[in-house]
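The residues making up each chain are set out below.
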Amino acid sequence: RGELDRMATAVPEAAAQAFPGRPAVLVNDGRAQALFAFHFAGGKAAAGDGHLLTLRLGACPCVHCLDADGDSPPGFDEYGWLAIRACPSRPDGPLFSTPRHPLSHYGLAAAAHELGLLARYGLGIEDAIPFFHARLVGDAPEAAREAAGVYRILGAHLAMLAAEVHAHRPLGALMVMGSQANRLDGPAFAAISDGYAAFAAGRPLVPAKARRILIEEASVEAGLVGAAFAALAGDQA
């Protein structure tokens, strides 16, 4: 907690030094991306009277939920699956990491490992995304089916997340940020969406009717535009 408090002071101070005379605010990245989806990518219309759940499958999962007015429901950030480890797990490790690998881009490697595919193809964790995406969009039908099965497991995890949120915040739509770096494009999202639908079948707690939408190539733009929107609106959440 002390480390986070010091960082909350150091970041605005660094911004003030870089941009003298301009106000600086800290904006949660998940909230920034949700604001982008809601106000600039059709999220408000997609969710209707329900809540909007947004997700970025980055190195750490970036998850947020907005109500029909574009506000964050009270207590949402208290969910355990949002936990981000703010200290290195080893001396040379990253400052921030996540124990929720299925909802990060490492989820693809985790799913492939569970299926024995990393060992079969001699892949490292970082190799999984380019390898299975290439097979997914390639010309070999059997390889594409196998790769789609890996992506469908990510869809099942997304359905589990949606079910947990939906129990307290009825969802109208789920929007996922597309990413060139993580090969999260139309074909990948279609397979993820298929996995979501398959998991939702026969499970009434999963919001099967909530719209599932990919925002193409948005993972970087969403954070920047959403943060600017929040800052201009005076939002420091």
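These lines cover the structure that appears in this document, whether it is placed above or below. This one's a predicted model, so the numbers in the text were calculated from it and none came from an experiment.

Rules behind the numbers
- Residues numbered from 1 in each chain as written.
- Predicted model: local features only at pLDDT ≥ 70, side-chain atom pairs only at ≥ 80, totals over all residues.
- Heavy atoms only, no water.
- Helix = DSSP H or I, 4+ residues; strand = E, 2+ residues; numbered from the N terminus.
- Buried < 20%, exposed > 50% of the residue type's maximum accessible area, 1.4 Å probe, protein only.
- Contact = heavy atoms within 4.5 Å.
- Areas by Shrake-Rupley, 256 points an atom, 1.4 Å probe, with all protein chains shown as cover.
- Expected span 1.5 Å × (residues − 1).
- Polar contact = N/O pair within 3.5 Å; in protein donor to acceptor, adjacent residues only side chain to side chain.
- Pairing = 2+ DSSP bridges.
- Right-handed = clockwise from strand over helix to strand, strands pointing away.

1. Here's the deal with the overall build of the protein
Here is step 1: Counting its regular elements, the protein contains nine helices and four strands.
Here is step 2: Listing each helix as α and each strand as β along the protein from the N terminus yields α-α-α-β-β-α-α-α-α-β-α-β-α.
Here is step 3: In the protein, which comprises 237 residues, the proportion classed as buried is 44%.
Here is step 4: Expressed as a percentage of contacts within the protein between residues at least 6 apart in sequence, the contacts between residues at least 24 apart total 66%.
Here is step 5: When the accessible surface of the protein is split by element, carbon and sulfur atoms take 57% of a total near 12200 Å².

2. Considering the side chain of His133
Here is step 1: Looking at the secondary structure, you find His133 in helix H6 (residues 128-136).
Here is step 2: In this structure His133 comes out as buried when scored by relative accessible area, which is 11%.
Here is step 3: If we ignore the near neighbours within four places in the chain, the residues touching His133 are Ala128, Tyr151, Arg183, Asp185 and Ala188.

3. A short note on helix H8 (residues 186-200)
Here is step 1: Look at H8: 21 Å from first C-alpha to last across 15 residues, which is about the 21 Å you get at 1.5 Å a residue.
Here is step 2: Taken together, the buried positions of H8 are occupied by Ala188, Phe189, Ala191, Ile192, Ser193, Gly195, Tyr196, Phe199 and Ala200.
Here is step 3: Put simply, Asp185 is the residue that caps the front of H8, since its side-chain oxygen is 3.2 Å from the backbone nitrogen of Ala188.
Here is step 4: Positive backbone phi, approximately 80°, marks Gly202, located one or two places after H8.

4. Focus on the side chain of Glu146
Here is step 1: Summarising the element assignment, Glu146 is placed in helix H7 (residues 141-166).
Here is step 2: Those residues in contact with Glu146 that lie beyond four places of it in its chain are Leu117, Arg120, Tyr121 and Arg135.

5. Considering the pairing of strand S3 (residues 171-177)
Here is step 1: Summarising burial for S3: seven of the seven residues are buried, a large majority.
Here is step 2: The pairing of strand S1 (residues 51-57) with S3 spans five bridges and is classified as parallel. Looking at the pairing, Leu55 lines up with Val176 of S3.
Here is step 3: Pairing of S3 with strand S4 (residues 211-215) involves five bridges; the strand directions are parallel. Bridging across to S4, Ala173 finds its partner in Arg211.
Here is step 4: Taken together, S3, H8 and S4 constitute a β-α-β crossover, and its handedness is right-handed.

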